[in-house]
Amino acid sequence: MEARNLRVSDAEREHVGELLQKAVGQGMLSLGEFTERMDTALAAKTRGELNSVLADLPGITLISDYDPPAYPNAGQPMYQGQPYPAPTYQPQPPPVHPSPPYRASVGAPVVGNYGAANAAVIRGRMATVTRNGAWIVPPAVVVDTRMSSVTIDFTRAVMQTQVVNISIDDYASSISLIVPEEATVDMNGVEAVGGSASNKVRSGPQMGPLHLVVHGKVRFGSVTAKHPFGTTIRKMFGS
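Residues numbered from 1 in each chain as written. Predicted model: local features only at pLDDT ≥ 70, side-chain atom pairs only at ≥ 80, totals over all residues. Heavy atoms only, no water.

(A) A look at the nonpolar core. Grouped together as the largest cluster of nonpolar side chains are 27 residues, with contacts concentrated most on Phe154, Ile166, Leu212 and Val214. Of all elements in the fold, only β6 (140–146), β7 (149–153), β9 (163–171), β10 (174–178), β11 (184–193), β13 (211–219) and β14 (222–226) reach the threshold of two or more residues within this core. Every residue in contact with isoleucine 166, bar those within four places of it in the chain, is listed here: Val141, Val143, Phe154, Leu177, Leu212, Val213, Val214 and His215. Leu29, Ala41, Val53 and Leu54 belong to the second-largest nonpolar core, a separate cluster that totals 19 residues. (Core = buried A, V, L, I, M, F, W, Y, C linked by side-chain atoms within 4.5 Å. Buried < 20%, exposed > 50% of the residue type's maximum accessible area, 1.4 Å probe, protein only. Helix = DSSP H or I, 4+ residues; strand = E, 2+ residues; numbered from the N terminus. Contact = heavy atoms within 4.5 Å.)

This is the structure we're talking about:
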């Protein structure tokens, strides 16, 4: 089978997304071209389809199209006078991806891991993702999204701790964090690349029942912290 027809993994698709982001930063792609190529990359099933979004970008290559030599059949010449060794398979342990630590609050010492068992992971790929109602909120929430619409509503959620750390790793998504009126949000740790991070609620100090500490990277997307719709109007009329 040719290398271009081999199937690709999610890790390879995400690697291509990072390469496309670099191409935007170097002025080789516009934002519209980036979005179109990200669509193609996320839908790609083979190496050939994945490489097609990089073909005209100089100096950027995903994988080689090298085809290894076919294993010889009986009667074919031997290698340096010796038979080819029989193919063997040795299982490899799964890769270990270290998780970055999170901070309990601004200026606090580093504690725990994002990937710990008590962290909630919200993941979306070209999807609409919603968390609302009386869902249980752990001390850490990881948002891993690509080209998705994400709504995380804390107004009726059940908190395990006053401080909730939210780690964001996003490409081209719209992320809304809806918090109750008494809550505070710290978004100083959010890095926006070609996107926006907007805090429409109080930033502190942490006085109410909930304080969100948001950090991470948003690439060509947006993250907004806000109150539920109609909160401002109710305040105006004293209700």
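Back to the write-up after that little detour.
(B) Here's a closer look at the sheet that holds strand β4 (residues 128–131). Ordered in space as β4-β7-β10-β14-β12, the 5 strands form an open sheet in which the pairing is parallel. Sheet topology places β4 and β12 (196–199) at the edges, where each strand pairs with a single neighbour. For this sheet, the mean angle separating the axes of adjacent strands, direction not counted, is 5°. (Pairing = 2+ DSSP bridges. Axes fitted to C-alpha atoms, helices over the stretch in contact; angles between N-to-C directions.)

(C) Up close: the pattern of salt bridges. Tallying each qualifying case throughout the model produces 11 salt bridges. Taking the shortest distance from any N to any O, the salt bridge between arginine 47 and glutamate 12 comes out at 3.9 Å. Placement of the pair is arginine 47 in helix α3 (residues 47–51) and glutamate 12 in helix α1 (residues 10–25), with a sequence separation of 35 residues. Residue classification places arginine 47 among the partly exposed positions, given a relative accessible area of 22%. The partner of aspartate 169 in a salt bridge is arginine 146, and the shortest N-O contact between them spans 3.6 Å. Of this pair, aspartate 169 sits in strand β9 while arginine 146 sits in strand β6, placing them 23 residues apart in sequence. Residue classification places aspartate 169 among the partly exposed residues on the basis of a relative accessible area of 30%. For arginine 146, a relative accessible area of 4% translates into the label buried. (Salt bridge = Lys/Arg side-chain N within 4 Å of Asp/Glu carboxyl O.)

(D) Unusual backbone geometry, seen in detail. Of note in this structure, methionine 126 is not a glycine but carries a positive phi near 50°. Mapping methionine 126 onto the fold places it in the loop between β3 (119–125) and β4. Even without a glycine there, the phi angle at phenylalanine 220 is positive, about 60°. Turning to its location among the elements, phenylalanine 220 is positioned in the loop between β13 and β14. By relative accessible area, phenylalanine 220 is classed as buried at 18%.

(E) Structural detail: α1. Between its terminal C-alpha atoms α1 stretches 23 Å, which fits the 22 Å expected from 16 residues at 1.5 Å a residue. Among the residues of α1, Glu12, Arg13, Val16, Gly17, Leu19, Leu20, Gln21, Ala23 and Val24 are the ones counted as buried. Its buried side turned inward, α1 meets α2 (31–43), α3, β9, β11 and β13. One or two residues past the end of α1 sits glycine 27, with phi positive at roughly 80°. (Expected span 1.5 Å × (residues − 1).)

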